[in-house]
Amino acid sequence: MNDIVQFQHGLICDYAGTVCYAQPRAEEISKMKKFWCIFWGILVMTGIVAVSAVMVHRSGGGSCVFAVRSCISEQTAVNMARAARLEETGEEVSDTDNMGMQIVYQLAKRSIVKVVAKDAAGSGIIWKIDDGIVIVSNRHLLMNDVVAEIGFGNGDSVTADVIGYSQQYDIGFAAIPQELVTDNILRDIYEVVPIFYETESEESKAAFVSGYAARRVLQAGAATDRKTACFSVGSVIGLKYMPLFNTSVLETACFSRAGMSGGGVFDAGGHFLGLISGGEVPEDAQVREAEITYSIPPALIAAEYETVSSRIEQ
């Protein structure tokens, strides 16, 4: 029997510099594959030492103190190495799909922010850039305060107002006023491009599963250490109704853990598929890492944002 948990507090993510990719000539593709295989292998093996940071929350004087710890198990590291075209023997495995996932990561991490509300911390997604910035995160994080500190990949940090959260789902929103959004911030961020699949009927669920089942996805959260990453690569299982979340959620065979709450699931095209909210942890697990992750579909986020916006306008 596995434990199903709703993630609380924790992890925040890597913000390495963005890599720009030029369109290669046909004769250069082979060399590029070899280069990126070696590069990604080094990145993953380095990440085994410090692939992400766990936030340790201590209250006192209204401040948060953060400590850096390893956040993945040895088995997780092995799975990530395999995803990066490295077998346990260290042999290179040619796979152009993995090159694509590297590019997805470079885009996805620009959509991820660090969110701190009082003594709790997690991740958030840049949902909308228009007259300011709207961040979507989890209700269980944002309901801790009326404001939240938002940290961007370039090191900038601003205070956002918590503008509302769902009464039914683990969804909340924070807004950064336009006057606080600098050009420096705008240069380094990316508004997610969601896929609005429906989950209300069995027919709509079947349609989604037929197109996405077993497809590869990348999950990303935020991190305290600018040189480490909090991400994993896995695949879509399907859509599943979970009473804990009061809705049908996206189910992925992809590692995650506390603190990746509010992070995102992205497909191979870089589209946003879901807001990470919880996961299934093996009952006998020594490390509290979810092997199955549950995420809230974008269609629900859009509907809740419309409701929150309407209340504000009134």
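Just so you know, the residues in each chain are numbered from 1, in the order the chain's sequence is written. Side-chain atom pairs in this predicted model are given and counted only at pLDDT of 80 or more, local residue features only at pLDDT of at least 70, and totals for whole chains, interfaces and linings cover all residues. As a rule here, side-chain values cover all heavy atoms of the structure and leave hydrogens and water aside.

### Notes on the side chain of Ser137
Link 1 in the chain: Under the DSSP-based scheme used, a helix requires at least four consecutive residues in state H or I and a strand at least two consecutive residues in state E, with every element numbered from the N terminus. Note on placement: Ser137 falls in strand β6 (residues 133–137).
Link 2 in the chain: In protein, a polar contact means a hydrogen-donor-capable atom and an acceptor-capable atom, both N or O and within 3.5 Å, with residues adjacent in sequence counting only if both atoms are side-chain atoms; elsewhere, any N or O pair within 3.5 Å suffices. Within the structure, Ser137 has its side chain in polar contact with the backbone oxygen of Ser123 (distance 2.7 Å).
Link 3 in the chain: The residues touching Ser137, leaving out its near neighbours within four places in the chain, are Val115, Ser123, Gly124, Leu142, Asp170, Ile171, Gly172, Gly262 and Leu275. Pairs of residues are marked as contacts when any of their non-hydrogen atoms sit within 4.5 Å.

### Points about the pairing of strand β15 (residues 292–296)
Note on strand geometry: in a regular strand, side chains alternate between the two faces of the sheet.
Link 1 in the chain: Only protein chains enter the area calculation, which uses a 1.4 Å probe; residues under 20% of their type maximum are buried, those over 50% are exposed, and those in between are partly exposed. Within β15, five of the five residues are buried, which leaves it mostly tucked inside the rest of the structure.
Link 2 in the chain: Here β15 shows two buried faces, one formed by Ile292, Tyr294 and Ile296 and the other by Thr293 and Ser295.
Link 3 in the chain: For two strands to be treated as a pair, DSSP must find no fewer than two bridges joining them. Sheet topology note: the strand β12 (residues 247–253)/β15 ladder contains three bridges and is antiparallel. For Thr252, the partnering residue across the bridge sits in β15 and is Thr293.
Link 4 in the chain: As paired strands, strand β14 (residues 272–282) and β15 are joined by five bridges and run antiparallel to one another. For Leu275, the partnering residue across the bridge sits in β15 and is Ile296.

### Looking at the side chain of Ser277
Link 1 in the chain: With respect to the helices and strands, Ser277 occurs in strand β14.
Link 2 in the chain: Of note is the side chain of Ser277, whose polar atom sits 2.6 Å from the side chain of Asp170.

### Describing the packing of aromatic side chains
Link 1 in the chain: Classification of ring pairs uses Phe, Tyr and Trp, with its six-membered ring standing for Trp, and accepts pairs whose centres are within 6.5 Å; under 30 degrees between planes counts as stacked, over 60 as edge-to-face, and the remaining range as tilted. Here the structure, examined in full by the defined rule, presents eight aromatic pairs.
Link 2 in the chain: An angle of 55 degrees between the planes, with centres 5.3 Å apart, marks the rings of Phe173 and Tyr305 as tilted. With a gap of 132 residues between them, Phe173 in strand β9 (residues 172–176) and Tyr305 in helix α7 (residues 298–313) connect regions that are remote in the sequence. A single burial state applies to Phe173 and to Tyr305, both of which are buried.
Link 3 in the chain: A centroid spacing of 4.2 Å and a plane angle of 35 degrees characterise the contact between Tyr197 and Phe208, whose relative ring orientation is tilted. With a gap of 11 residues between them, Tyr197 in the loop between α5 (183–187) and α6 (202–212) and Phe208 in helix α6 connect regions that are remote in the sequence.
Link 4 in the chain: An aromatic cluster of at least three residues, connected via ring pairs, comprises Trp127, Phe196, Phe266 and Phe272.
Link 5 in the chain: Sitting over the ring of Tyr212, Arg215 keeps its end group 5.1 Å from the ring centre. Consider the ring centre and the ring normal. A charge sits over the ring if Lys NZ or Arg CZ is within 6 Å of that centre and within 35 degrees of that normal.

### A look at α7
Because an α-helix packs 3.6 residues into every turn, residues spaced three or four apart end up facing the same way.
Link 1 in the chain: For α7, with 16 residues, the first-to-last C-alpha span of 22 Å sits near the 22 Å given by 1.5 Å per residue.
Link 2 in the chain: Listed as buried for α7 are Pro298, Leu300, Ile301, Glu304, Tyr305, Val308 and Ser309. One side of α7 holds all its buried residues, which, seen down the axis, span an arc of 165 degrees. Opposite the buried face of α7, by more than 90 degrees, sit the exposed residues Glu306 and Glu313. In a helix, the anticipated span is given by 1.5 Å times the number of residues less one. In this context, the arc is that of the directions from the helix axis out to the C-beta atoms.

### Things to note about the environment of Ile112
Link 1 in the chain: Counting through the fold element by element, Ile112 comes out in strand β4 (residues 112–117).
Link 2 in the chain: Separated by 151 residues in the primary sequence, Ile112 and Gly263 place their C-alpha atoms 6.6 Å from one another.

### Digging into the pattern of salt bridges
Link 1 in the chain: Just to be clear on terms, a salt bridge is a Lys or Arg side-chain nitrogen sitting within 4 Å of an Asp or Glu carboxyl oxygen. Tallied over the entire structure, the rule returns one salt bridge.
Link 2 in the chain: Between Glu202 and Lys205 there is a salt bridge, with the nearest N and O atoms lying 3.7 Å from each other. In this pair, Glu202 and Lys205 both sit in helix α6, three residues apart, roughly one turn of the helix.

### Here we look at the sheet that holds strand β7 (residues 147–151)
Link 1 in the chain: Read once around its circumference, the closed barrel built from six strands follows the order β4-β5-β6-β9-β8-β7, with strand pairing classed as antiparallel. Strand after strand, the sheet turns through a mean of 40 degrees between neighbouring axes, direction not considered.
Link 2 in the chain: The sheet contact formed by β4 and β7 spans three bridges and is antiparallel. Within β7, the residue paired with Lys114 across the bridge is Gly151.
Link 3 in the chain: Note on method: axes are straight lines fitted to C-alpha atoms, helices fitted across the in-contact stretch only, with angles between N-to-C directions ranging 0 to 180 degrees. On the sheet, α7 packs against β5 (120–129), β6, β8 (157–165) and β9 and is oriented at approximately 90 degrees with respect to β8.

### Side note on unusual backbone geometry
Link 1 in the chain: In the Ramachandran plot, Ala214 falls in the positive-phi region, its phi being about 75 degrees despite a non-glycine side chain.
Link 2 in the chain: Within the element layout of this structure, Ala214 appears in the loop between α6 and β10 (216–220).
Link 3 in the chain: The phi dihedral of Asn246 is positive, around 60 degrees, even though this residue is not glycine.
Link 4 in the chain: Asn246 sits in the partly exposed class, given a relative accessible area of 35%.

### Points about the confidence of the model for the protein
Link 1 in the chain: pLDDT expresses, on a scale from 0 to 100, how confident the predictor is about each individual residue. Mean pLDDT over the protein: 75, with 66% of residues reaching 70 or higher.
Link 2 in the chain: Under a pLDDT of 50 for its full length, residues 8–74 has, in the predicted model, 153 contacts with residues more than four places off or in other chains.
Link 3 in the chain: Confidence over residues 80–94 falls short of pLDDT 50; this stretch has 31 contacts with residues more than four positions distant or in other chains.

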